[in-house]
Amino acid sequence: AAGRGSITGAVSLQLGGAVLPLDDTVHGLPGDPEECSALRFCESRARYVLVVEKDTVFNRLIDDGFLHRVPCILVTARG
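Fair warning: this is a prediction, and the values are worked out from it, not measured in the lab.

K.L.:
Would you mind showing me how to read the overall build of the protein here?
P.N.:
Broken down by element type, the protein carries three helices and seven strands. Out of the 79 residues in the protein, the part that is buried amounts to 32%. The long-range share in the protein, meaning contacts at least 24 apart out of those at least 6 apart in sequence, stands at 59%. Of the accessible surface of the protein, which amounts to about 5000 Å², a share of 53% is contributed by carbon and sulfur atoms. Charge separation in the protein, taken as the distance between the mean sites of 8 positive and 10 negative side-chain charges, equals 5 Å.

And the structure:
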């Protein structure tokens, strides 16, 4: 299934045996519910979770360094 969103921020995800630190990386979220259920949050320094509707705003926040100023997890559904 096609990717349905993206996540980045002060969090590490575990997928299978691999740990993915997302501090400076955008990870595409799978569109398949079974694949999503395999993701596990390992560790997070986030104080907030910010869900952004538009992919353009998501990218702008990253480009402007928002994640370096605010300890958060940034999520978009690529609207």
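Now that the structure has been shown, the text picks up again.
K.L.:
Explanation requested: the pattern of salt bridges in the structure shown.
P.N.:
Taken as a whole and judged by the stated rule, the model has two salt bridges. Residues Asp23 and Arg45 are paired through a salt bridge, measuring 2.3 Å at the closest nitrogen-oxygen approach. Residue Asp23 is located in the loop between strand S3 (18–21) and strand S4 (27–29), and its partner Arg45 is located in the loop between strand S5 (39–44) and strand S6 (48–52); the two are separated by 22 residues in the primary sequence.

K.L.:
Would you explain the nonpolar core in this entry?
P.N.:
As a rule of thumb, soluble globular proteins bury nonpolar side chains together. Counting eight residues, the largest nonpolar core consists of Ile7, Val11, Leu13, Leu22, Leu29, Leu39, Ile73 and Val75. Elements supplying a minimum of two residues to this core: strand S2 (11–15) and strand S7 (72–76). Those residues in contact with Ile73 that lie beyond four places of it in its chain are Ile7, Thr8, Gly9, Val11, Ser44, Ala46, Tyr48, Val49 and Leu50. Counting residues in each nonpolar core, the second largest holds seven residues, with Leu61, Leu67, Cys72 and Leu74 among its members.

K.L.:
Please explain the sheet that holds S7 as it appears in this structure.
P.N.:
Strand-to-strand pairing in sheets goes through backbone hydrogen bonds, with the strands running parallel or antiparallel. Spatially, four strands are ordered S4-S1-S7-S6 in an open sheet, and the strand pairing comes out mixed. Here the strands that pair on one side only, and so sit at the sheet edges, are S4 and S6. The sheet shows a mean angle of 25° between the axes of neighbouring strands, taken without regard to direction. Across the sheet, helix H2 (residues 55–63) is in contact with strand S1 (5–9), S6 and S7; its angle to S7 comes to roughly 150°.

K.L.:
What am I meant to see in the side chain of Thr76 here?
P.N.:
Tracing the chain through its elements places Thr76 in strand S7. In this structure the side chain of Thr76 is engaged in a polar contact, spanning 2.9 Å, whose partner is the backbone oxygen of Val52. Those residues in contact with Thr76 that sit more than four places away from it in its chain are Arg4, Gly5, Ser6, Val52, Glu53, Lys54, Asp55 and Phe58.

K.L.:
Sorry, what's going on with the sheet that holds S3 here?
P.N.:
Strand order across the open sheet formed by three strands is S3-S2-S5, with antiparallel pairing between neighbours. Sheet topology places S3 and S5 at the edges, where each strand pairs with a single neighbour. This sheet shows a mean twist of 30° between the axes of neighbouring strands, independent of strand direction. Relative to S3, S2 runs antiparallel, the two being bridged by four bridges.

Cut-off values and rules
Residues numbered from 1 in each chain as written. Predicted model: local features only at pLDDT ≥ 70, side-chain atom pairs only at ≥ 80, totals over all residues. Heavy atoms only, no water. Helix = DSSP H or I, 4+ residues; strand = E, 2+ residues; numbered from the N terminus. Buried < 20%, exposed > 50% of the residue type's maximum accessible area, 1.4 Å probe, protein only. Contact = heavy atoms within 4.5 Å. Areas by Shrake-Rupley, 256 points an atom, 1.4 Å probe, with all protein chains shown as cover. Lys, Arg positive; Asp, Glu negative; His and termini not counted. Charge placed at Lys NZ, Arg CZ, Asp CG, Glu CD. Salt bridge = Lys/Arg side-chain N within 4 Å of Asp/Glu carboxyl O. Core = buried A, V, L, I, M, F, W, Y, C linked by side-chain atoms within 4.5 Å. Pairing = 2+ DSSP bridges. Axes fitted to C-alpha atoms, helices over the stretch in contact; angles between N-to-C directions. Polar contact = N/O pair within 3.5 Å; in protein donor to acceptor, adjacent residues only side chain to side chain.

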